[in-house]
2 protein chains.
Amino acid sequence: MDARIGEVSTPARLAAPAEGIGREELALAARNHGMPLEALRHEVTPPGLHYVLVHYDIPYATAEGWRLTVRGRVRRPLSLTVGELRERPATTLRVTMECAGNGRARLEPRPVSQPWLVEAVSTAEWTGVPLRLLLEEAGAGPGSAHVVFTGADHGVERGVEQDYRRSLPLATALDPAADVLVAHTMNGAPLPPQHGFPLRLVVPGWYGMASVKWLRDVQVQDSPFTGFQQAEAYRFRQDPGEEGEPVTVMAPRALLVPPGFPDFMSRTRFVRPGPQRIEGRAWSGAAALAAVEVSTDDGRSWRPAELEPGGPHRWAWRGWSLPWTAGPGRHVLTARATDEQGWTQPVLQPWNRGGFGNNLVQRVDVVCLEAG
Amino acid sequence: MDARIGEVSTPARLAAPAEGIGREELALAARNHGMPLEALRHEVTPPGLHYVLVHYDIPYATAEGWRLTVRGRVRRPLSLTVGELRERPATTLRVTMECAGNGRARLEPRPVSQPWLVEAVSTAEWTGVPLRLLLEEAGAGPGSAHVVFTGADHGVERGVEQDYRRSLPLATALDPAADVLVAHTMNGAPLPPQHGFPLRLVVPGWYGMASVKWLRDVQVQDSPFTGFQQAEAYRFRQDPGEEGEPVTVMAPRALLVPPGFPDFMSRTRFVRPGPQRIEGRAWSGAAALAAVEVSTDDGRSWRPAELEPGGPHRWAWRGWSLPWTAGPGRHVLTARATDEQGWTQPVLQPWNRGGFGNNLVQRVDVVCLEAG
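On a predicted model such as this, the values are computed, not experimentally measured, just so you know.

Here's the deal with the UniProt feature "domain: Moybdenum cofactor oxidoreductase dimerisation" (unreviewed entry) in chain A
Then, number 1: UniProt annotation of "domain: Moybdenum cofactor oxidoreductase dimerisation" (unreviewed entry) refers to residues 275-366 of chain A when read in the numbering used here.
Then, number 2: Between the end C-alpha atoms of residues 275-366 of chain A the distance is 14 Å, and the span holds 0% helix and 49% strand.

Regarding helix H4 (residues 131-138) of chain B
The α-helix advances 3.6 residues per turn, and as a result positions three or four apart in sequence lie on the same side.
All names here are of chain B.
Then, number 1: Taken together, the buried positions of H4 are occupied by Leu131, Leu134, Leu135 and Ala138. Buried residues in H4, looked at end-on, bunch into an arc of 100°, giving them a common side.
Then, number 2: Two residues or fewer after H4 comes Gly139, characterised by a positive phi angle close to 70°.

Examining the interface of chain A and chain B
Then, number 1: Facing the 70 residues of chain A at the interface are 70 residues of chain B.
Then, number 2: Three residues, Arg4, Phe264 and Met265 of chain A, lead the burial of chain A against chain B; their summed loss comes to 12% of the area buried on that side.
Then, number 3: Inspection of the chain A/chain B interface yields 12 salt bridges.
Then, number 4: Across the salt bridge formed by Glu7 of chain A and Arg330 of chain B, the nearest N and O atoms sit 3.9 Å from each other.
Then, number 5: In this assembly, chain A and chain B are joined by 29 residue pairs in polar contact (both at pLDDT 80 or more).
Then, number 6: Secondary-structure elements contributing two or more residues to the side of chain A that touches chain B are helix H1 (3-8), helix H2 (23-31), strand S5 (146-157), strand S14 (261-262), strand S15 (269-271), strand S21 (329-339) and strand S22 (362-368) of chain A.
Then, number 7: The leading source of residues in the side of chain A that touches chain B is H2 of chain A, at nine residues.
Then, number 8: Tallied by class, the residues present in the side of chain A that touches chain B amount to 33 nonpolar, 16 polar and 21 charged.

Comments concerning the relation of the copies chain A and chain B
Then, number 1: Overlaying chain A on chain B yields an RMSD of 0.0 Å, the required transformation being a rotation through 180° with an accompanying axial translation of 0.0 Å. Here the symmetry operator amounts to a two-fold rotation axis.
Then, number 2: Taken as a fraction of all interface residues of chain A, those also at the interface in chain B reach 100%, which identifies the copy contact as same-surface.

Let's talk about the nonpolar core
Then, number 1: Ranked by size, the top nonpolar core spans 126 residues in total, and within it Leu135 and Leu201 of chain A together with Leu135 and Leu201 of chain B carry the most contacts.
Then, number 2: What Leu135 of chain B contacts, discounting residues up to four positions off in sequence, is Val70, Ala140, Val147, Leu170, Ala173, Leu174, Val218 and Val220 of chain B.

Re the side chain of Asn358 of chain B
Then, number 1: By the element assignment, Asn358 of chain B lies in the loop between strand S21 (329-339) and strand S22 (362-368).
Then, number 2: At 3.3 Å, the side chain of Asn358 of chain B and the backbone nitrogen of Leu360 of chain B are in polar contact.

Some thoughts on the environment of Asn358 of chain A
Residues and elements named next belong to chain A.
Then, number 1: What makes Asn358 buried here is its relative accessible area of 5%.
Then, number 2: For Asn358, the contacting residues outside a window of four places in its chain are Glu98, Asn102, Gly103, Arg106, Leu107, Arg253 and Gln349.
Then, number 3: Of the polar contacts made by the side chain of Asn358, one reaches the backbone oxygen of Gly103; its length is 3.3 Å.

Some details on the UniProt feature "domain: Oxidoreductase molybdopterin-binding" (unreviewed entry) in chain A
Then, number 1: When the UniProt feature table is mapped onto this chain, "domain: Oxidoreductase molybdopterin-binding" (unreviewed entry) is found at residues 55-228 of chain A.
Then, number 2: Summarising residues 55-228 of chain A: 11% helix, 39% strand, and an end-to-end C-alpha distance of 12 Å.

Considering the pattern of salt bridges
Then, number 1: A complete count under the given rule lists 38 salt bridges over all chains for this structure.
Then, number 2: In this structure, Arg253 of chain B and Glu98 of chain B form a salt bridge, with 2.4 Å as the shortest nitrogen-oxygen distance. Here the residue Arg253 of chain B occupies a position in strand S13 (residues 253-256), and Glu98 of chain B occupies one in strand S3 (residues 91-98), the gap between them amounting to 155 residues.
Then, number 3: Residue classification places Glu98 of chain B among the buried residues on the basis of a relative accessible area of 0%.
Then, number 4: Ionic contacts of the salt-bridge type, sharing partners, join the residues Glu43, Arg94 and Glu125 of chain A into one network.

Parameters at a glance
Residues numbered from 1 in each chain as written. Chains lettered and ligands numbered in written order. Predicted model: local features only at pLDDT ≥ 70, side-chain atom pairs only at ≥ 80, totals over all residues. Heavy atoms only, no water. UniProt positions renumbered as here; feature names shortened; annotations may be inferred. Helix = DSSP H or I, 4+ residues; strand = E, 2+ residues; numbered from the N terminus. Buried < 20%, exposed > 50% of the residue type's maximum accessible area, 1.4 Å probe, protein only. Arc of directions from axis to C-beta. Contact = heavy atoms within 4.5 Å. Buried area = accessible area lost by both parts, 1.4 Å probe. Salt bridge = Lys/Arg side-chain N within 4 Å of Asp/Glu carboxyl O. Polar contact = N/O pair within 3.5 Å; in protein donor to acceptor, adjacent residues only side chain to side chain. Nonpolar A, V, L, I, M, F, W, Y, C, P; charged D, E, K, R; others polar. Least-squares fit on C-alpha atoms with pLDDT ≥ 70 in both. Core = buried A, V, L, I, M, F, W, Y, C linked by side-chain atoms within 4.5 Å.

Here it is, written out as structure tokens:
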């Protein structure tokens, strides 16, 4: 490695106590973005409001000349144009996707990286070709156990020059129930550049790091993938030396549509006294949702919210709501989701060194004004 | 005013020396977003990459039932549906728009507000009805001097509950050369929610605060508008007590397409040795561009860049480029634009209390690796 890379691209670190968000974190926050929480009103997130996390640069890609290769331990390697993929029978899935680092900036100590608060989640309709059909066409296996996906985004991370690359177990990639898609269309239009144009992987139920954007290569192999984004990044660790556990499916979580109207700077919400409807959306990548509970007294008491029926979109968030009568004064609203495996949201902050998989309950400060 | 508003919504302030970006600034940075600078490669910013600044909430609007009223000192008040506006002859303008607060987070001391670095600028093609045609149809004036525009976004700012509202001189609003548009279409599609769906004002050449989103009312009046966003916010001041000067047209500015590839965390750029092409785009809202100069030695020497010819899009940025041979080591690239009025970019940081109209030259750190 060129020594100059290591001078610039330094190891992961934790912020010091009371260290404010720094210039580098701010530069990431200015280019990446969450979904403004009022967009929770939309069942499918409108174009341009879907959260964006880009590790390196958004490639300046054209569909012409783009090839998706499927190779490695396959009997019939494929090299497909975008047009050839678009001509195949397509599947459309409504998928809620969350960044694995969502909530990182609320942790203490704060892992220094993309400083998300709570808004790195959105839902889109992805259209494309099921990955398993491409793997079957290529004759993947037998005997192979892993599939490695390579994107066209290129950069350096903690001293390692790389194309963005992640893997899945071949069993997951081939499982019809896992619904893994090679998507060419988002909400009925070609993928926007920041969402992976012209092709991306979509792994429903998993945090977003699995859904490799600007997908150009699928490699089937016998050995586990040990690249940076699999073995170094995206692992649950308490200490830097640990091997850690891989980050995979999304933890259950509920978010509230912000009630009333905001203060520009503090984002505190104002409402008028009287009947309100607290509403929001909830999801879990691990299992179907079982319940959403709401507290209007900062977690001292909880009431079950009405959860919209689970419809045909098993990978999408579900709406929930609860009536509330607001009285003048300050209130803290919060909601927590529980899935059918009994996994629920903590009210005290767990911590891990990468700031991954955080699903602490959201607290929404609301000031109810006098009638007027 | 309800006393509870003032408890939450506090006066503007400056950050203390060495005060990092705080939670409130971060919450704004997470919901608003700049244009990732690699998108400077696109002459028209692709959907979803255009910078976004929303003061309050994005209204949950439908086109059905939306009305644009034109009233006040007019002879024939108008109340138009979105369909009625769409049926009128349309004009399309390619417009570069920049947030008035772009660069604020680089100021010392830092005004505490939306913490932009340099990326709050983009270019879109806006289609709609020239404002002057609507004012003429309504019979605006004579004698009136001001037009007030009201958006549907509602919130509190520095203690003041308000709909977002701005004004223009009637002479500007009626001037065919000013090209002010009531837009219903962005890049050939209905406006996205965050860009003003279903209708917004577009004031070419001005900072973005003038282009009122979610436009629902146009009021012609004799007296100057003294609302919050005109008389309190968006003014150049050194001290809080000053009346200050209004923020209007965009200062000249050039930005570079980031060369090579980035480090994830520091965003430092890496290139390989050899011939490169430094390129970027430049604009001025005040006058036509005259020149762009580039420095590859942190401002010690400057060379003229090749500026693309001014085409039919007088309100849009223009591309520029310069060849450069990179040698191993660290470099600071910078560019500065000058317009035909002789207005150019400072290399030392001017300052104002709101952090507006900043056009300090951009500095891009580049590490050229060894050949390999």
